[in-house]
Structures are given as structure tokens and as C-alpha cells.
2 protein chains.
Amino acid sequence: YGKDEVWDKIPKEVQQEIIDKKLKFYVIKAYDLAESLGLGTRINTIMQTAFFAISNIMETKKAVEAIKTAINKTYGKKGERIVKINCDAVDKALESIEEVELPSKATSTISIPPAVPAHAPDFVQRVTAKIIEGKGDDLPVSVFPCDGTWPVATSQYEKRNIALHIPQWKENVCIQCGQCNIVCPHGVIRMKIYDEKLLDKAPKTFKHTKAKGKDLQGKAFTIQIAPEDCTGCGVCVHTCPALEKDEKNQSTGKKAINMTPQIEIREQEKKNWEFFLSLPDLPVEQLPFPVNTIKGSQLLRPLFEFSGACAGCGETAYVRLMTQLFGDRALVANATGCSSIYGGNLPTTPYCVRTDGKGPVWTNSLFEDNAEIGFGMRLGIEQIKTKAQLIADDLAKTALKNNSSLINEILTADQSTHEGIETQRLKVKQLKTLLKSLSSEDRANELLDIADYLIKKSIWIVGGDGWAYDIGYGGLDHVLAAGKNVNVLVLDTGVYSNTGGQMSKATPMGAIAKFAAAGKPLPKKDLAMLAMTYGNIYVARIAIGVNPMQTIKAFLEAEKYDGPSIIIAYTHCIAHGINMTEALDQQKKAVASGDWILLRYNPELLKEKKNPLQLDSKAPSIPLEEYIYNENRFKALKTIDPERASSLLKSAQEEVNRRFKVYEHMSKMDYTQT
Amino acid sequence: YGKDEVWDKIPKEVQQEIIDKKLKFYVIKAYDLAESLGLGTRINTIMQTAFFAISNIMETKKAVEAIKTAINKTYGKKGERIVKINCDAVDKALESIEEVELPSKATSTISIPPAVPAHAPDFVQRVTAKIIEGKGDDLPVSVFPCDGTWPVATSQYEKRNIALHIPQWKENVCIQCGQCNIVCPHGVIRMKIYDEKLLDKAPKTFKHTKAKGKDLQGKAFTIQIAPEDCTGCGVCVHTCPALEKDEKNQSTGKKAINMTPQIEIREQEKKNWEFFLSLPDLPVEQLPFPVNTIKGSQLLRPLFEFSGACAGCGETAYVRLMTQLFGDRALVANATGCSSIYGGNLPTTPYCVRTDGKGPVWTNSLFEDNAEIGFGMRLGIEQIKTKAQLIADDLAKTALKNNSSLINEILTADQSTHEGIETQRLKVKQLKTLLKSLSSEDRANELLDIADYLIKKSIWIVGGDGWAYDIGYGGLDHVLAAGKNVNVLVLDTGVYSNTGGQMSKATPMGAIAKFAAAGKPLPKKDLAMLAMTYGNIYVARIAIGVNPMQTIKAFLEAEKYDGPSIIIAYTHCIAHGINMTEALDQQKKAVASGDWILLRYNPELLKEKKNPLQLDSKAPSIPLEEYIYNENRFKALKTIDPERASSLLKSAQEEVNRRFKVYEHMSKMDYTQT
């Protein structure tokens, strides 16, 4: 808002404080300015200039000179254009500051809203809200859980409203493919199929259409955005394949979802979102589409939502998908790194629960022992499960003789499918009811405590490449080699993202990173190939923006495999120096260049004398430079040292060619004679 | 010696002590007894029984019962035969103890010899000798080097005389192949070719023959054993391919070397050994055979000798060979494990020096950082070398303008061959003489200190599988991935040998080890394949007892390669439960079964579009069981749990088949199109 509108938009409490403190009050339309200069939503240069211009800490002229020198130093590597628009931003900022004339009284009709809504749980009210309000220091130690656990599913109560624009759905253009859902890094786009009758109570502006698909008569379909949780990254809109056409069948340039100013639709969409949440979630066994499809998987409720990851983060869509597929029975061991920060950041936590209260358990450990933590979870679970089985077996012969068939069904249950697991859950529930009736029996009480371990658990060991390729690799290798049923998810940005962009062994040749200021001279370590040398490890390399079906398949196969599994996920990152909205295009180029070969290596196939390695992408179809030079980390070297850049590009291209040929050769091996 | 002979064989000092203390004195011919029972040189059971029989600590009957119970417990896994012969040993021991009647006076003509010879260096006299005598506690702190270094080349002064039998050479049977030399684990068999004229001063019993080979007229050939340092393992005799024939051309059952009671030839061979040492060592550039042959390499003086490794150790021949080929300019970083214990055991150290005083530098570090230590050595050397080059270049333009051509030759020298390196040494020596004449110049003094770094150094990172596959693997991977010129030697016993036989990731499937009491259920980690995934790492898998030429080639290629190299060496071990004398037969079976595939992966070949992987052994020609069941660690499982043993054998055989096919397929890939 400009100087003439802004006053009335400020809460009364803030107005009063400004008046009481006799503050000078300035505004600048920084986002508009940044947008117009080509800076996107980056307003740091503008706000820095504005600060020096109004603060009188130093002479403005000198400050401007210093800022421009810093711009040259900071952005010089990224090319002249970036330097120029930042310098322009400085000059324009100086012109654009407006002082607001202060009235003598606070007259606003707006008040500061409470930090969390009234329906938030007790702990969130007492503790989380205080931390959100910046009053964490006032909390007594006694309010914190004494066993080190921390309540989850609380990110839903912190409405950050950080997006200027959010996507809006056009139900008549939508082809119901689910792509916007599966790529959403923030879990804010949701899709439901539900009984049309439920629309009776829908708010007026709630959008819906008829569900497309076999046997879906009488069902409605809605894509709903969580308006206050969206970060406005625009990945969904960029991905949407449906184009709107006008009456003359001409493209309008719009899609089935389009970016819209958030403030204009916030209030209506808040209500729509609440109504949407009240619609029933489909359990996996009732999905109208197979779980191994985009649409099927995206009808499952994410159990990871609204994390504090960067807008457009390349990691979080994988984490969300993992929780959709297995989250209700997952235990996550998370290495330190971005995924531990957004995964367990205070005050709120993004891992959440189904309507029935089931959701992932999550813990964070160090770089150097995270694989081991997940391994320990598996060993612990197996130990407790075995104990539960022994007691159950014993009781089936004694106190629960009359219910021995139920117990035997539980002990011999097939839990290889979602349906099997849900059936087991119901049976374990029955068993627990029986056990309660035997409460005088010590063994019954003991089993009651641990009966839930009779339901199959899913271990996920999650971390970035700094963990998996470097600091935690010794442990990761040890755990993978130990043969137990654990699943590893590597979020591979090819750089230590969270600590500021240091080189890891996953950093590609020719990229600039900290400790590789002249471009990394060595090729990326091939973690997939390393894991494949064992022969009994399930291995997948995936890129959700290129082949989401393959991504889903890899997750399902990895989890099903009764042994160690590792999934290595292409993960774009702000550290790459790319336009995050269009990041999935970069994923496609990575695969097309042959630098990121999609694959699945399934040891189960060895039993059938089949080649366990299947390549899910084709031979390189574009030169490497067409891929890498979209990223500042590579482009920068071209600017600083074009000769070295060219030599590294040549070597990197040779390495890409060699690796693809090796993979291709291995995928063609005949296993019938082994 | 029996009770009637023994008294006169004891040094006078000991006789006097026995008399003074009124000791009871018993003898037992434990070695003869052990030999006759089939226990080889294992006298522990016999001596334990003898101890209880004469000490009266407890009733002999009870002691015998307890010993037999312990035998059943300890050796039960190794089968009934082993239990029986140990129990027999107990009974026979009781019968064989003889009491020696003591005279009233010490009459021996023998005195206790000094701990080290009179010609040993000052430090050895003052410090090492005291520790050998068991008087280490009496040494003041001030005698120890204050910078943490420790004098090397001292194992030669500690004459342990532990062998009952040692090999003796038959010069007329010998075919001069050098095989006994290359397999000797203790560096006690040496070979020299020298001018016949030098024989003038030879002791009478010194053996020699005419040297065979082109252009060797006038040259004599000798194989000499170090009689007091030999452990009597017999590996050399078992390996010797030359069979003696009598006049009728019938085999006499003897070879070109044969085991002989040490005591009978000790004195004469001591003199022969001393004379042999006085004969000149051939420098590598004067070898009459190429260095990449057994004979050529074995004419080089080992710079690792008489270590405290077990008799017949499978590791030490590789270490010795490494010192023969590169020891005069090697820096060794040794991980904790057997190789660090025998490599730097006090009181004496086996790493030694050439006649000109040049030899390896050695340090020992932890499991978890040894690769990093070697990496740091490389970085340090490069740093100092660069500094030396800069100063030399500077001086060539200033104070040493008149000698600029010498300096330029040094700065541009080709050091890719042994000859090149020796030439460089001479030139650096000249440079140092010049620098001394400039001693007033600060820069000249600085260069004088570091000029030796202008000579090519060779980094060797050495350790066992517990280090390389397990605890140190994270660091090893990191160092290999860092692309620097370091050489890694993995002495792969497939078990934590030094700490008592715990399972490592190198332990083969089905073997019993600590933490794998029921046989390891998972296959051996394939470290060679892991390293090969990088593409820019030289990788070799070797077995000195199977293909010594390939072993030598691998060492030479690895060292020559200007990047990271790793050599994985098959290393038999007492922990395998084998007859150590015949251990090389077991190496052959390992290779024939396909369980240990010999290979070399040389990235240099990629430049020529050739497949970098060459298999140096053939497809499996014997079933796995023919190999593994020669080892107690596998056999034991057959006894304890035959069903599991059989199931693991089946899986292991499948895995051997699969791996060989994968290697074969990879070795056949066409690289011309990459």
C-alpha cells in the first residue's frame, strides 16, 4: 500500500505504538519495484538501500557507493545483467521511498489476530503460540515435554501468509491429472473425490466439478489450495498441462490453475479450505485409482505439510509423497541438513496425522550417525515385535485359548499390501480389546503395551547429499551392507545447501561451490552405482519433475523390498542459481542430457534370472551445456574463467557419455546364465 | 634336550640362579610331542598340562579334567579330530615330564649373549637393548626422542631365533626363479647376483652358483637365509618349484630349499648372512632382469624385514614387495591393525634402509582417519614441493644464474621411471652443494631444507579390511574421491585379525567370526567394484601366491598412475584356521573358485578408448566348497549347523556366479564408442 492507503491497513495496536513512540513512518512498494526490474520477489537490495536512506547511520551517498561495491563483489560472478539490475534497484529505491503522514489517533478497525486459532490444541495454545509471538523466553521449563518428545502436526496452526500470489483453480479447465498436487513442495494443493451430496454445506465460492473416471458417477472433484500456507512458488502453475481456450478455441494463455493476488481471495479460500478439510479422506484401499499412479497417490492425504522450506524447494515434494504412501506407519530418521530444519523446526512441526491420529514418528540425528539411528529403529522394532509375537502365541494357548484363531491370523498376516496392513490394524485393535479384559494378567498387560508392533512399520532414513555422500557415508554404507529392511531417501542437491553451499562429493564437475571456487574438478560420486555393487540392495534414481510415475513406483518397490533400499532423488535448490518456478524444466534437462540417469535396480528380479537394473530414461539427447548453463553455479565459472569452464565442460561431457554407456551395458547383461 | 643333556646347554648365569634359588627343574620335549601328535608347533595344551602337573596349584586329576572340558569347549567347533589330539596331548604330557637332577655348581661354558650386537647403533645400545632385556621401566624419559619420531631399521639387531627348522638352499637344484623370495613373509630369504671375484672373501660354507641369464658371464648367484630371523613357517619350501633328482633322474623328494634344524646350521649361516649383506645391492637401474618380473623385483633389497608378524603371515609379503619397489621414497600411513603392530612394534621396527640410508617413512594412525593421514602427507608434500620449485626458479634467475640449466633440468625432470628418479636425486645433490656455498642467502638456506621434495615421493596408505571396508571406509572413500596421487594397499584377511577375529564387511558369507557366530549371512562387500564406480581410480585385486607377476604389475601401475589407486590383496591369516605353510594353495583355490577374481582397472586406458577393466583370472573352475571347506571358519559351521552351512554355501555359490558374470560382462564392454 502507498502512503495514502497504508495507515488504515495497520492493526490498531501498531498504530498506537507508532503514535506513542513518535516514530517516522515510511513505505516503499518494494515487491512491485523488484518485479518490474526483473528481480522477482528478491527485495533485499531495495530494502537495504531504503534502510540506509532513512536511518541516517551514514551519509546516503557513501552508503549507496558501498552497497554498489558490495553488489559488484557479491553478484559479479553471476554476470553483468544481475549486477546492473541490482544497481538499478538501488537508484530506484531511493526515488520510491514515501513518508507517511501520521494522524494523531489510532483509528484502525483491525486488531492483531491471535497467533494460533482458538481451536488449536492446548499445547499449541500454551507453548507454540508463545514462541510464535516471540515470547519463548517467558516460558517456564515445566511446559516442555520431559521425555524429549515434541508434539507434531502443528504447522497447520501457524498461518504465515508469506505469498503475494497464490494459485487459483479453474474447475472447467482442469483435466484432473494430479500433477499440480504431486509437484507442490509445500503440501498446499490438495485433491479430493467425494460424494456430491456433501456439497450441500459447501461455502458459496467453493469450487468443484464432476469427478472424471470409471464408476465415479455421483462423485465430485475439487482441487483446493491452502491460501495462508502457500509460499507462492508457482511450480504448480508452471507444471499444469491444461490450457484454457476461449469460445473460438484460441488459447487464453491461462491454465487450470493460475497465480492470483492472495489478499483478494484469502478470506473466501480460508473458508473453502476449512470446508475441504472436513470432506472425508479416502483410505488407500478405497482409492478409485491405483496407488502407483499420480492421481491415485495424490488422493492420499499428505502427512507432511506447510514446512518452512524455501518457496519452490526441490526436496519437500519427495518427503510429502513418502508420507502419503507410508506416513501412517513410518518412522523417520532424519540427518541434519535442510530436511531436518524444515522437518522439525520450532515453533511448529510439519509432520502431521491422519484423521484417525496415525502419522509418522520423526527424529533428527547427526550427519555422522543418522543411518545408524534408522538401523537401530529397525532392530528395536524387530526386537519388540518378536516379543509381542511370543506373548501372543503364549496367550493363544492359555488365557486367550478361545480367541486363538484371531491371534493366529495376526501372527501369520500378509502385510505386503496396504489392504493387508489395514486388516491387521483392525485385528490388532480387537486383540487389544481382549487384552484389556484380561488386565489382571501380567503378560496381557505387557502385550497391550507393544501390540501395535505387530503392524508392519516402515523405516525411512532421510538426508541430503552432504550426509549421504560425505560425512554420513561410512555409516550409510555400513547400514546398507547390514541387510536389514530400511529405506534410505537421499535428497540430492549436489551441495551442502543448508550450511551455505559447500562442495560435497555429490557436487557435479564444473560447478562452483564453497571449497570449489574454481569449479569442481572431479565428477560427481555415483552413489547409485556404489549401492548396486552389493547386489542385494534396492536402488533407484528418480526425478519427480521428469517421471512422477517412476518416482512413485520406486517408493513403492523400495518399501516393499524386504532388505535395504536407497532412493536418490534429483533435488533442485536455490543454491543452484535457477528460477525456482521453472525448476522442473531443469530436472528434465538433467535427465535429457544423460547427467541424471533414471533407474531402478531391484534385487527381486535376480530370483527370476532377470537383469535387476532397469534404465528409466533414454540416451543423452541434448549436450550437457544445454543443461548446466541454466544454473548460475556453472555459468559463473564461464564468466570468471572461460577457459577452465570449457575444459571442465569437455571432461564432464566425456564422463556423462562414459557413464551412460556403462549403465546401458550393465542394463543389457543377460542374467539367464547366472 | 632331555634331562641328561639340558644342563650344559644353559647359560652359566641361569644355572647359578637355579642353584641359588633351589628351584625344581623339569623338562618336556613339547615340540617333539606336538609334532608326533599332529599338532604341528602348537604346544599350548602340552605346556598348560605340564604347568598344572608340576605346580601343585590344584590336584592334577582335577586340573586335567578342567583342561579337557576347556578343550571340548574351545575346539569343539573345529571337529572331533582336533579335540581328540588335544586330549591325547594332555595325557602324553603327563607321561613326558622329566625332572632334571641339579648339580651343586654352575659349570656351563655358555654365557647369556648381549641383547644386541656390539656394532648396533648408539640408540639401539642405550634404549632398544634395555627394552629387549625387559628393563624398559628403568629408562629415563630423556632417552626418548622428544619429537615423537622413533629410529627405524632396528629389527635386524633383535635376533629372536624362534624357528626350530629353517630353509637351507641347494644351489645345484635351484632354477633361480625367485619364488621363494617373493613369498617369504619375513624378508629372510634374499637373492643376489654379484661379481664372482667378490667370493674371494666368502666364508667356506657360503653357497653360490653361476648366475643364469643373458650377459651374466662372470656373475655369481646366491640365495641366502637370515638364520636367526626366520620364523620357520615353511612357505618358501612349499612354494619352491624345483625338485631334486638323483643320478637315475628319480625325484629325491627334496627341493632347491629344504627345512633343516636351525641349531645345526645357525652359526655357519650367521657368518654367511653377514657376508651376504656385505655384497653390493643392485640399484634398480642396474637390474639384469626387468623390475616387473619376479626375479627382477626380488633382486631389490627389501626395506621391511624381520617383523613380529605370525609365522607365515599373509600380509607381510605384500608390504615387503612395496618397500622393494618404492621403499626408498615411500611415505607410509598405516591404519591400526596387524600391520601397525608388526610395522611399528617396540622395541624394534622392521622398516629399514638401503645402504645409502634411504628408506620409507612410516606412521601409524587410527582406524577412522588413516586414509586422511596419507592424504595429508600428499597435500603437504605438494605444498613443500611447490615452494621449493618457486625458490629454485627464483634462484635460477638471481644467485644461481650460472647454474640455471641444472635448475631447469631439475624443474622439468621426467620422474616417471626409476632411472629418472635416480638421475633427479643426483641433480638435487648437486643443487644442494651449490646451495651450501650460498649459505648467507636466506632463500638458499630455505631451499636447502626442502630441496629433497623435488624428488618424487610415493604415498602408501596401508591397512586391513577392518579399516578399509568398515571403520575407515568413510574416510577412504573421501580420499579416493579427492583425486590426488595416493596409493592404498588393503591387506584383506576378511576379518578383524588383530583384535581377535571379529566379522568385518569383508568377511565372506558363511564364515564364522565374532558377531557372526552362526556364519555370516551376507556376502562380502566388493571394495574393488565400489572403487571402480568412480572411473578415475586405479583398482587392482591381487593374490601373490597365485599370480606374483600380476601382483608386481599392479603395484607398478598403481604407483605410476597420477591419481588415487587402490590394491586389494588376498591375505591368508591364522584366523582362517588353515595350515599356514600351505596357505598359498588356499589362495589358488580362492581364485580358481571365482571367489577372488584377479583384476586390474586402469583409468589410463580410457584415454585410448579401451576398456579399463582387465580380468587376470579365469571363470570359476572349482566349486566354492572345495575352497572354503579348507578353512576352519567355514568347516566349523558345518559341524555346528550343517543345514545352515549348506544353505549359506548355496547362496554364496550363487553370489560367486553372479559376481563373476557381472565382472566378465563389464570387462567385455566396448569402449570405442564412448
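Residues numbered from 1 in each chain as written. Chains lettered and ligands numbered in written order. Predicted model: local features only at pLDDT ≥ 70, side-chain atom pairs only at ≥ 80, totals over all residues. Heavy atoms only, no water.

A separate point is the overall build of chain A. Of the regular secondary structure elements, chain A holds 25 helices and 17 strands. For chain A, whose C-alpha radius of gyration is 27 Å, the value lies close to the compact-globule estimate of 26 Å for 674 residues. Judged by the C-alpha coordinates and their principal axes, chain A covers about 85 × 65 × 60 Å. A burial count over chain A gives 52% of its 674 residues as buried. Within chain A, contacts between residues separated by at least 24 positions form 73% of all contacts whose residues are at least 6 apart in sequence. Working note: accessible area of chain A is about 30,600 Å², and carbon and sulfur atoms make up 52% of it. Computed over 85 positive and 81 negative side-chain charges, the inter-centroid distance for chain A is 2 Å. (Helix = DSSP H or I, 4+ residues; strand = E, 2+ residues; numbered from the N terminus. Rg over C-alpha atoms; globule rule 2.2 N^0.38 Å. Buried < 20%, exposed > 50% of the residue type's maximum accessible area, 1.4 Å probe, protein only. Contact = heavy atoms within 4.5 Å. Areas by Shrake-Rupley, 256 points an atom, 1.4 Å probe, with all protein chains shown as cover. Lys, Arg positive; Asp, Glu negative; His and termini not counted. Charge placed at Lys NZ, Arg CZ, Asp CG, Glu CD.)

Let us look at the sheet that holds strand β13 (residues 487-492) of chain B. Residue and element names in this part refer to chain B. Strand order in the open sheet made by the eight strands is β11-β10-β12-β13-β15-β14-β16-β17, with mixed pairing throughout. Every other strand in the sheet has two partners, leaving β11 (361-365) and β17 (613-615) as the edge strands with one partner each. Direction aside, neighbouring strands of the sheet carry axes that sit 15 degrees apart on average. The pairing of strand β14 (residues 538-542) with strand β16 (residues 599-601) spans three bridges and is antiparallel. (Pairing = 2+ DSSP bridges. Axes fitted to C-alpha atoms, helices over the stretch in contact; angles between N-to-C directions.)

Applying the stated criterion to the full structure yields 31 aromatic pairs over all chains. Ring geometry for B:F123 and B:W150: centres 5.2 Å apart, planes at 90 degrees, overall edge-to-face. Taken together, the positions of B:F123 in helix α6 (residues 122-132) and B:W150 in the loop between α6 and β3 (165-169) put the pair 27 residues apart, joining distant regions of the chain. Look at B:F123 and you get buried, because its relative accessible area is 14%. An aromatic cluster of three or more residues is present, and its members are A:F304, A:Y342, A:Y351 and A:W362. A cation over an aromatic ring shows up here: A:K638 above the ring of A:Y629, its NZ or CZ 4.1 Å from the ring centre. The ring centre of B:W596 lies 5.7 Å from the NZ or CZ of B:R541, which sits over that ring. (Phe/Tyr/Trp six-rings, centres within 6.5 Å; stacked < 30°, edge-to-face > 60°. Lys NZ or Arg CZ within 6 Å of the ring centre and 35° of its normal.)

This part is about the pairing of strand β13 (residues 487-492) of chain A. Residues and elements named next belong to chain A. Most of β13 is tucked away: six of the six residues are buried. Going residue by residue along β13, you find N487, L489 and L491 tucked away on one face and V488, V490 and D492 tucked away on the opposite face as well. Across five bridges, the pairing between strand β12 (residues 458-464) and β13 is parallel. When the sheet's bridge partners are listed, G464 is paired in β13 with L491. Examined bridge by bridge, β13 and strand β15 (residues 565-570) share six bridges and lie parallel to one another. Each bridged residue has a counterpart across the sheet, and for N487 the counterpart in β15 is S565.

Before going further, it helps to spend a moment on the relation of the copies chain B and chain A. Expressed as a screw transformation, the operator carrying chain B onto chain A has a rotation angle of 180 degrees and an axial translation of 0.0 Å, and the superposed copies differ by an RMSD of 0.1 Å. Here the transformation between the copies is reduced to the relation of a two-fold axis. Considering only C-alpha atoms, the part of chain B nearest the rotation axis is B:G474, at 1.9 Å. Residue by residue, 100% of the interface of chain B is reproduced at the interface of chain A, so both copies engage with the same surface. (Least-squares fit on C-alpha atoms with pLDDT ≥ 70 in both.)

Residues and elements named next belong to chain B. When we look at burial in helix α16 (residues 442-450), the residues that qualify are A444, L447 and I450. Buried residues of α16, viewed axially, fall in a sector of 135 degrees; they line one side. Opposite the packed face of α16, turned more than 90 degrees from it, sit the exposed residues D442 and D449. Buried residues along α16 sit against α13 (370-397) and α15 (418-437). (Arc of directions from axis to C-beta.)

Attention shifts here to the nonpolar core. By size, the foremost hydrophobic cluster in this structure holds 283 residues, and its most contacted members are A:F555, A:I566, B:F555 and B:I566. When sequence neighbours within four positions are dropped, the list of residues in contact with A:I566 reads A:L476, A:L480, A:V488, A:V490, A:L527, A:A531, A:I537, A:Y538, A:V539 and A:A540. (Core = buried A, V, L, I, M, F, W, Y, C linked by side-chain atoms within 4.5 Å.)

With that settled, the discussion passes to the interface of chain B and chain A. Facing 33 residues of chain B, the contacting portion of chain A comprises 33 residues. Each partner contributes to the roughly 2,700 Å² buried at the junction of chain B and chain A, and carbon and sulfur atoms together form 68% of this total. On the chain B side of the contact with chain A, B:T533, B:R658 and B:H665 bury the most area, a combined 22% of that side's loss. Linking chain B with chain A are four salt bridges, by the criterion used here. (Buried area = accessible area lost by both parts, 1.4 Å probe. Salt bridge = Lys/Arg side-chain N within 4 Å of Asp/Glu carboxyl O.)

Further remarks concern the packing of α13(B) against helix α18 (residues 473-481) of chain B. Residue and element names in this part refer to chain B. In contact at an axis separation of 7 Å, α13 and α18 are set at 30 degrees when each is read in the N-to-C sense. The angle between the axes of α13 and α18 places the two elements in the roughly parallel class. Listed contacts from α18 to A371, E372 and F375 of α13 are G475, L476 and V479. The residue makeup of the contact of α13 with α18, split by class, is four nonpolar, one polar and one charged. (Parallel < 35°, antiparallel > 145°, perpendicular 65-115°, else oblique. Nonpolar A, V, L, I, M, F, W, Y, C, P; charged D, E, K, R; others polar.)

Residues and elements named next belong to chain B. Although it is not a glycine, N161 sits at a positive phi angle of roughly 50 degrees. Here N161 shows up in the loop between α6 and β3. Take N161: its relative accessible area is 23%, and that puts it in the partly exposed class. Positive phi, close to 60 degrees, is recorded for Q176, a residue that is not glycine. Looking at the secondary structure, you find Q176 in the loop between β3 and α7 (179-183). For Q176, a relative accessible area of 2% gives the class buried.

Residues and elements named next belong to chain A. Within the secondary structure layout, T316 lies in helix α11 (residues 316-326). You can call T316 buried: its relative accessible area is 0%. A polar contact is formed between the side chain of T316 and the backbone oxygen of P185, at a distance of 2.6 Å. If we skip the residues at most four places from it in the chain, T316 touches P185, F304, S307, A309 and Y342. (Polar contact = N/O pair within 3.5 Å; in protein donor to acceptor, adjacent residues only side chain to side chain.)

Our next topic: the side chain of A:Q15. Residue and element names in this part refer to chain A. Structurally, Q15 is set in helix α1 (residues 12-20). Residue class for Q15 comes out buried when judged on its relative accessible area of 0%. Side-chain polar atoms of Q15 contact the backbone oxygen of W7, separated by 2.7 Å. Contacts of Q15, omitting those with residues within four sequence positions, involve W7, D8, I10, A106, T107 and S108.

Residues and elements named next belong to chain A. With respect to the element layout, A558 can be found in helix α20 (residues 548-560). Separated by 522 residues in sequence, A558 and S36 place their C-alpha atoms 46 Å apart. With sequence-adjacent residues up to four places away left out, A558 is seen in contact with N487, Y538, S565 and I567.

Residue and element names in this part refer to chain A. Between helix α4 (residues 60-75) and helix α5 (residues 80-96), whose axes approach to 9 Å, the crossing angle comes to 160 degrees. On the basis of their axis angle, the class for α4 and α5 is roughly antiparallel. At the point where α4 passes α5, the crossing takes the right-handed sense. Side by side, α4 and α5 meet where T60, V64, I67, K68, I71, N72 and Y75 of the first sit next to I82, V83, N86, C87, V90, D91 and L94 of the second. Of the residues that constitute the contact of α4 with α5, the class distribution is nine nonpolar, three polar and two charged. (Left-handed = near helix turned anticlockwise from the far one by under 90°.)

On to the environment of A:P103. Residue and element names in this part refer to chain A. Its place among the elements puts P103 in the loop between β2 (98-99) and α6 (122-132). Considering only alpha carbons, one finds P103 and I19, 84 residues apart in sequence, at a separation of 8.1 Å. Not counting residues within four places of it along the chain, the set of residues in contact with P103 comprises W7 and I19.

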